[in-house]
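Listed below are the residues making up each chain.
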Amino acid sequence: MPVPFAKSALLLSLLLVMSGPHAASTPASPEATPAYAQGIPLPAVIAHRGASFDAPESTAPAYMLARDLGADYLEMDLQRSKDGVLFALHDNSLLRTTDVAKKFPERKNSPASAFTLAELKTLDAGSWFNQAYPERARPSYVGLQILTLDEIIDIAQGNPQLKPGLYIETKEPQQFPGLEHDLKNQLSARGWLKPAASTSGNAQPQTGEGKGRVMLQTFDKNSLALLQQEMPDTPKILLLWVGEGGMAPDNTVSFANSGEKDKAAYYARQQPKDKAEFIRWLDIAKSNGAIGTGPSAALAHGGDQSYFDLIKPWMNKATHDRGLLVHVYTLDQAVDFKAAMNAGVDGIFTNRASELLSFYQRPLPRSVNQLLEQNGY
Ligand code: G3P
Ligand code: CA
């Protein structure tokens, strides 16, 4: 079963009691949070491109595993095919996660959106994972397909006991005029813009029941405004970034000219120009209908997911003070989960849903291996 909001709020309270002086950056009671009334779990476990540590990102085994582990949300990056079908893929290009270079050598550098759905469906979106991560490789990952939004909704609805929500990012939305409208139509056609009937009998909605069964996210403030126009009742998050398209940085020295060898170290030193610039973006979020922000974090051990530290306690406090919640991206290790919770975040995007659920002491129904095998992988 999904963890009831009240139970996850209790767990959060316990974590905060244990977490020291920075806990003051989190609202005093769960009822005071913007998450509460909309049924957004607190803290929220957001499975980033599915359980993408254990299975190829944005594919069926990754989303099925995240669902069956009990993640609150299945996260996806939304794009539109040449023939108008909404599908999930993070990169603009197909090169990293498919065999496009083999199947369409002349078009290998074209954006994914230049391919029809039928063409996208011919691609192998699983084998790259086996090569990149031999220790987690499975023969069954060979030949996995790119998924449409419709197929991910089928997966979200596919386990009668576990009903994760959807956490949908409009990816590079300037490439896709009308994407927000298309998304509204499709969610509406599938019944996902109405709160689902409560199965728990609780007054407080659980994950997958209240308005917060769908969360919308974007880095693009124009797309946020369009999402608000199309789906005013659906909770939205403005993702935060320092640099082009985001907050003005405190210095404009590029990575190449910084003398820094490690990109994570470079990002960790970058910060918003000043406090007012950070707060200006909170105001942009709120005035365009967001109920929260999605900041990056600098990770304890660096790596290619380590970006700007935008979850400093004062930042989270300023966000909470404006009635907004904080869902940080993308953390996979306990040391980072702990630091983020101590700093006062309200939810975490993770590739390792199993690790984050365990960190929150939420029981896993079965092991990762057992669940993958149960689903035929
Ligand atoms: O959507 C939150 C996080 O996913 C943003 O980063 O690049 O992984 O989409 P990205
Ligand atoms: Ca994303």
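Residues numbered from 1 in each chain as written. Chains lettered and ligands numbered in written order. Predicted model: local features only at pLDDT ≥ 70, side-chain atom pairs only at ≥ 80, totals over all residues. Heavy atoms only, no water.

*Asks:* Any chance you could explain the nonpolar core here in plain terms?
*Replies:* Nonpolar side chains tend toward joint burial in soluble globular proteins. Grouped together as the largest cluster of nonpolar side chains are 57 residues, with contacts concentrated most on L166, I168, L183, L187 and I348. Considering each element in turn, this core owes the most residues, seven residues, to helix α2 (residues 60-69). Excluding its chain neighbours within four sequence positions, the residues that come into contact with I168 are M76, L78, L149, L183, L187, V214, M215, L216 and Q217. Of all hydrophobic cores here, the second largest spans 19 residues; its members include V242, Y267, I279 and A290. (Core = buried A, V, L, I, M, F, W, Y, C linked by side-chain atoms within 4.5 Å. Buried < 20%, exposed > 50% of the residue type's maximum accessible area, 1.4 Å probe, protein only. Helix = DSSP H or I, 4+ residues; strand = E, 2+ residues; numbered from the N terminus. Contact = heavy atoms within 4.5 Å.)

*Asks:* Help me out: how do you make sense of the site of ligand 1 in this one?
*Replies:* Around ligand 1, a shell composed of H48, R49, E75, D77, H90, E169, K171, Q217, F219, L239, Y329 and F349 is seen. A distance of 2.9 Å is found between an oxygen atom of ligand 1 and a side-chain nitrogen or oxygen belonging to E75. Within the side chain of K171, a nitrogen or oxygen atom sits 2.8 Å from an oxygen atom of ligand 1. Isolated, ligand 1 exposes 290 Å² of accessible area, and the fraction of that covered by the protein chains is 90%. When grouped by side-chain class, the residues that make up the shell around ligand 1 number four nonpolar, three polar and five charged. (Near = heavy atom within 4 Å. Polar contact = N/O pair within 3.5 Å; in protein donor to acceptor, adjacent residues only side chain to side chain. Areas by Shrake-Rupley, 256 points an atom, 1.4 Å probe, with all protein chains shown as cover. Nonpolar A, V, L, I, M, F, W, Y, C, P; charged D, E, K, R; others polar.)

*Asks:* Can you walk me through the packing of helix α7 (residues 179-189) against helix α8 (residues 221-230) in this structure?
*Replies:* Relative placement of two packed helices is described by the angle separating their axes and the distance separating the axes. Contact geometry for α7 and α8: axes closest at 9 Å, N-to-C directions at 35 degrees. As for the relative orientation of α7 and α8, their crossing is right-handed in sense. Contact residues: E180, H181, L183 and K184 in α7; S223, L226, L227 and E230 in α8. Considered class by class, the residues forming the contact of α7 with α8 number three nonpolar, two polar and three charged. (Axes fitted to C-alpha atoms, helices over the stretch in contact; angles between N-to-C directions. Left-handed = near helix turned anticlockwise from the far one by under 90°.)

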